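# Notes for the structure review
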Amino acid sequence: MPIPVKTNPELERTIFELKALSREHEAPIWRAVARRLEGPRRNWPEVNLSRIARHAAKGAIVVVPGVLLSSGTLGFPVTVGAFRTSAEATKKVVAAGGHALPLLEFARKHPKGTGVRILG
């Protein structure tokens, strides 16, 4: 059985750089996120804002190894990093006073991964 190959160059670069950050800063969280992204896309988590509202506190730092969607409301500021974020979800996070960042930018901002929670 052939090994499936990722065809999205942005995804390939993201996985490669997350692994490099993990080695460079001794942060196993980025290797865990990279491994989740290496799997089939149908297994990626699709996290709604309502889940973040339930499981995160005010000012939390959350990474989603998949897709951030806009269902639900967010009443407090959080910083969220995801490989893909819907436009509506970004608007809602910013309206709540938080930040929605692309995954690589998020990982570079928090290279050690301290205080970062994986949701999904």
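Each remark here, short or long, concerns the structure printed above.
The structure contained in this document is the topic of the report that follows. Source: prediction; values computed, not measured.

### Here we look at the overall build of the chain
Scanning the chain from terminus to terminus reveals five helices and five strands. For 120 residues, the compact-globule estimate of 2.2 N^0.38 gives 14 Å, and the C-alpha radius of gyration of the chain, at 14 Å, lies within 12% of that figure. Each of the three principal axes of the chain carries a C-alpha extent, and together these read 45 × 30 × 20 Å. Put simply, the chain has 120 residues, and 41% of those count as buried. Sequence separation of at least 24 residues holds for 45% of the intrachain contacts in the chain that already meet a minimum separation of 6. Each charge class in the chain can be summarised by its mean position, and for the 19 positive and 9 negative side chains these summaries are 6 Å apart.

### Considering helix H2 (residues 28–38)
Side chains three or four residues apart in an α-helix point the same way, a direct result of the helix having 3.6 residues per turn. Along H2, the residues classified as buried are Ile 29, Trp 30, Val 33, Ala 34 and Leu 37. The buried residues of H2 occupy an angular sector of 135 degrees when projected down its axis, which confines them to one face. For H2, exposure combined with an orientation more than 90 degrees from the buried face picks out Pro 28 and Arg 35.

### Side note on the nonpolar core
Judged by nonpolar contacts, the single largest core of 18 residues is most densely connected at Leu 18, Trp 30, Val 33, Leu 37, Val 63 and Leu 103. Listing elements by their share of this core, those giving two or more residues are helix H1 (9–25), H2 and helix H5 (103–109). Here the element with the most residues in this core is H2; it accounts for five residues. Val 47, Ala 56, Val 64 and Ala 96 belong to the second-largest nonpolar core, a separate cluster that totals 17 residues.

### Considerations on unusual backbone geometry
Positive phi, close to 50 degrees, is recorded for Glu 26, a residue that is not glycine. Residue position: Glu 26 is located in the loop between H1 and H2. The class of Glu 26 is exposed, set by a relative accessible area of 71%.

### Considerations on the pairing of strand E4 (residues 99–102)
Examined bridge by bridge, strand E3 (residues 79–85) and E4 share four bridges and lie parallel to one another. Each residue of the ladder has a partner; that of Ala 82, found in E4, is Pro 102. In this fold, the crossover linking E3 to E4 by way of helix H4 (residues 87–95) has right-handed handedness.

### So, the side chain of His 110
Following the sequence through the fold, His 110 ends up in the loop between H5 and strand E5 (116–118). What makes His 110 buried here is its relative accessible area of 16%. Excluding its chain neighbours within four sequence positions, the residues that come into contact with His 110 are Trp 30, Ile 61, Thr 79 and Val 116.

Parameters at a glance
- Residues numbered from 1 in each chain as written.
- Predicted model: local features only at pLDDT ≥ 70, side-chain atom pairs only at ≥ 80, totals over all residues.
- Heavy atoms only, no water.
- Helix = DSSP H or I, 4+ residues; strand = E, 2+ residues; numbered from the N terminus.
- Rg over C-alpha atoms; globule rule 2.2 N^0.38 Å.
- Buried < 20%, exposed > 50% of the residue type's maximum accessible area, 1.4 Å probe, protein only.
- Contact = heavy atoms within 4.5 Å.
- Lys, Arg positive; Asp, Glu negative; His and termini not counted.
- Charge placed at Lys NZ, Arg CZ, Asp CG, Glu CD.
- Arc of directions from axis to C-beta.
- Core = buried A, V, L, I, M, F, W, Y, C linked by side-chain atoms within 4.5 Å.
- Pairing = 2+ DSSP bridges.
- Right-handed = clockwise from strand over helix to strand, strands pointing away.

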